Amino acid sequence: MADLHPDNPYARDRFADPATQLTFPPEAQEKFEWILSRYPTKMAALLPTLHLAQETWGWISPEVVLYLSELLELSPATVFGVVSFYNMYNQKPVGKYFLQVCTNLSCMLRDSYQIYDHLQEKLSLEPGATTSDGKFTIMEVECLGSCDTAPVVQINNDYHEQMTIESLDQLLDGLK
Amino acid sequence: MQPIRVLSANWGKPDSMLISTYVDGGGYEALKKALAMTPEQVIQEVKDSEMRGRGGAGFPTGMKWSFVPKNAPKPTYLLCNADESEPGTFKDRQIMEKDPHMLIEGMIISGYAIASSPMSYIYIRGEFYYAFTVLEKALAEAREKGFLGKNILGSGFDFDITVHRGAGAYICGEETGLIESLEGKRGQPRVKPPFPAVVGVFGGPTVVNNVETLACVPLILKNGAAWFKGFGVPKNTGPKLYCVSGHVRKPGVYEFPMDISLKELIYEHCGGIPEDRKLKAVIPGGASAPMLTADEIDLPLTFDAVMKAGSMLGSAGVIVIDESACIVDSVWRLSKFFAHESCGQCTPCREGTNWMESVLDRIERGEGREHDHDLLMDMSENIGGKSLCALGDAAIGPVISSIKKFRAEYEYHFTHKTCLPGTRRYRRLGMAAVH
């Protein structure tokens, strides 16, 4: 813990608090055991288990990294290496509604950057940041595979298609 | 040419994702037929159909299957590549959401043909959550009906499928990246050889097939290789799903025999370009495919014809760009994508894609230097063919083709410090690139 300079923004985030002991709640534990039964190695269960952990705790905290490394008999560095490689594992908490705007070419040609800019202005948010009430996080993402219904905004697990500034405003008003 | 409804036969039906709809339309008949054949006969039928893989590379499917060694010490695995992340491609999601049993039946037959281990996997991109839930339900239905599990339909063949969600990494669509990711690692492609058919996932021989490819398998078994070859032209056979997006009036997934003309597809079936603007460029096969100009679209969308035209059919993701778009801006956006998705393993790709993105950005900002397009060509030469997988080659496709075909527009940016009149950029330049 001593090798990161205290001013390094990651110094606090990257290390687990040894006092926090995590365990999956019973329902998640059951799912975890089912996941393990589907693969010939424990390591192969890592991606699905990370998804499960994120569903359970909302993000992949250093404590989660430590917990999963024990569960799957991997080093914390291996687990963290995987977490940081993939986009969908949140390395910090995100809002209740995680707004992900596709800006790749097909969406861009249908003005997704206007949607993205509008969201940032309306919520006064920088990309990747969360509103102070913990409600919204905005992120620019790569192609979501729904180019025929561009522009597309993914909110949590759901796709919202053919978005306009008006339809987006309506949608946001409905998110409580 | 009229659109066909073969792969998309059930899509319009209200409960198209249910097993009852699929069985009513003759579903799982091909499985019964296949299980009465020997695995070799099944492979031969698929070989005879001349089907080429629908994931992008266009490799003959039957031949891929025949590379699997017979007496390997470790189990053989069948993996379905459902990581559909190529910008401009959205056909596999439609199959999984609207007719998941077609894929499932295709996997069971394919698993039987290659003597797969009792467990196989669908690697689906993490963002496709809805498709994931549809597949999970469909798999439960298939298990209940005895199409999955032990001793399928009394044949002695055991087979089951697990849906494995990715977590947002384009590179996991590359087959060895997918294999690494399935094993629980970062999705960094492997050195080949050994090819997956010899050493793949968990050390066993592995076949990785695209969703659309696997969905074609029941059609081939049910109707015969000759029927399948009736669509398209020799060596480019079968029904094909084409994804059209960008500047067209009616974007969407269209099914045609595999020789529909690109021009006809855009102008007759997709309604042409909004406000009758002129066509500028078309990307025929997803972001990795080099661009074609308006003069080059009179061509059949087969693997061979598009390759001959200097591009590739790839995943058949057609992105249409009209005259109102700044070409440098469009290419910048693709470069940004490749820079973001480079796995970081090979230096030419990791450094080169980021460098290309920043040079394109400065040209677009009017800060380009006179020889920046030559610099981009030079960089492309040093990225192409110098990395383990095809991502580096994909990243240079749009850059090289746009410089060759739209050189004057690049030069306009150098001399006038702005975009060509009548073209627009789609983003505010104040924004910093986010990776």
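The following refers to the structure shown. Please read all numbers here as calculations on a predicted model, not as lab measurements. (Residues numbered from 1 in each chain as written. Chains lettered and ligands numbered in written order. Predicted model: local features only at pLDDT ≥ 70, side-chain atom pairs only at ≥ 80, totals over all residues.)

So, on to helix H5 (residues 76-85) of chain A. Looking only at H5 of chain A, the buried set comprises Val79, Phe80, Val82, Val83 and Phe85 of chain A. The elements touched by buried residues of H5 of chain A are helix H3 (46-57) and helix H4 (62-71) of chain A. (Buried ≥ 20, exposed ≤ 12 C-beta atoms within 10 Å, placed from the backbone. Helix = DSSP H or I, 4+ residues; strand = E, 2+ residues; numbered from the N terminus. Contact = placed C-beta atoms within 7 Å.)

On to the interface of chain A and chain B. Taken together, the contacts link 37 residues of chain A with 48 residues of chain B. Breaking the side of chain A that touches chain B down by element, the ones donating at least two residues are H3, H5, helix H6 (105-108) and helix H7 (112-123) of chain A. Top element by residues in the side of chain A that touches chain B is H3 of chain A. It accounts for four residues. Each residue belonging to the side of chain A that touches chain B can be placed in one class, and the counts come to 21 nonpolar, 10 polar and six charged. (Nonpolar A, V, L, I, M, F, W, Y, C, P; charged D, E, K, R; others polar.)

Turning next to unusual backbone geometry. A cis amide bond links Ala150 of chain A with the next residue in sequence, Pro151 of chain A, at an omega value of -10 degrees. Secondary-structure assignment places Pro151 of chain A in the loop between strand E2 (136-141) and strand E3 (153-155). The residue after Pro193 of chain B, namely Pro194 of chain B, is reached through a cis peptide bond having omega 0 degrees. Phi angles above zero are rare outside glycine, and Ser124 of chain A is one such case at about 45 degrees. The residue Ser124 of chain A is located in the loop between H7 and E2 in this model. In this structure, Tyr28 of chain B is a non-glycine residue whose phi angle is positive, near 65 degrees. Along the polypeptide, Tyr28 of chain B turns up in the loop between helix H1 (19-24) and helix H2 (29-35). For Tyr28 of chain B, a count of 22 C-beta atoms within 10 Å puts it in the buried group.

This next bit is on the pairing of strand E9 (residues 279-283) of chain B. On a regular strand, one side chain projects to one face of the sheet and the next to the other, so that they alternate. Residues and elements named next belong to chain B. Most of E9 is tucked away, with five of its five residues classed as buried. Where E9 lies against strand E11 (residues 317-322), four bridges are found, and the strand directions are antiparallel. Residue pairing across strands places Leu279 opposite Asp322, the latter belonging to E11. Bridge analysis of E9 against strand E10 (residues 292-293) gives two bridges, and the strand direction is antiparallel. Across the sheet, Ala281 pairs through a bridge with Thr293, a residue of E10. (Pairing = 2+ DSSP bridges.)

So, on to the nonpolar core. One finds Leu79 and Tyr242 of chain B to be the most contacted residues of the largest nonpolar core, which totals 177 residues. Residues within four places of Tyr242 of chain B in sequence aside, it is in contact with Tyr254, Phe256, Ile260, Leu265, Leu301, Ala316 and Val318 of chain B. (Core = buried A, V, L, I, M, F, W, Y, C linked by C-beta atoms within 7 Å.)

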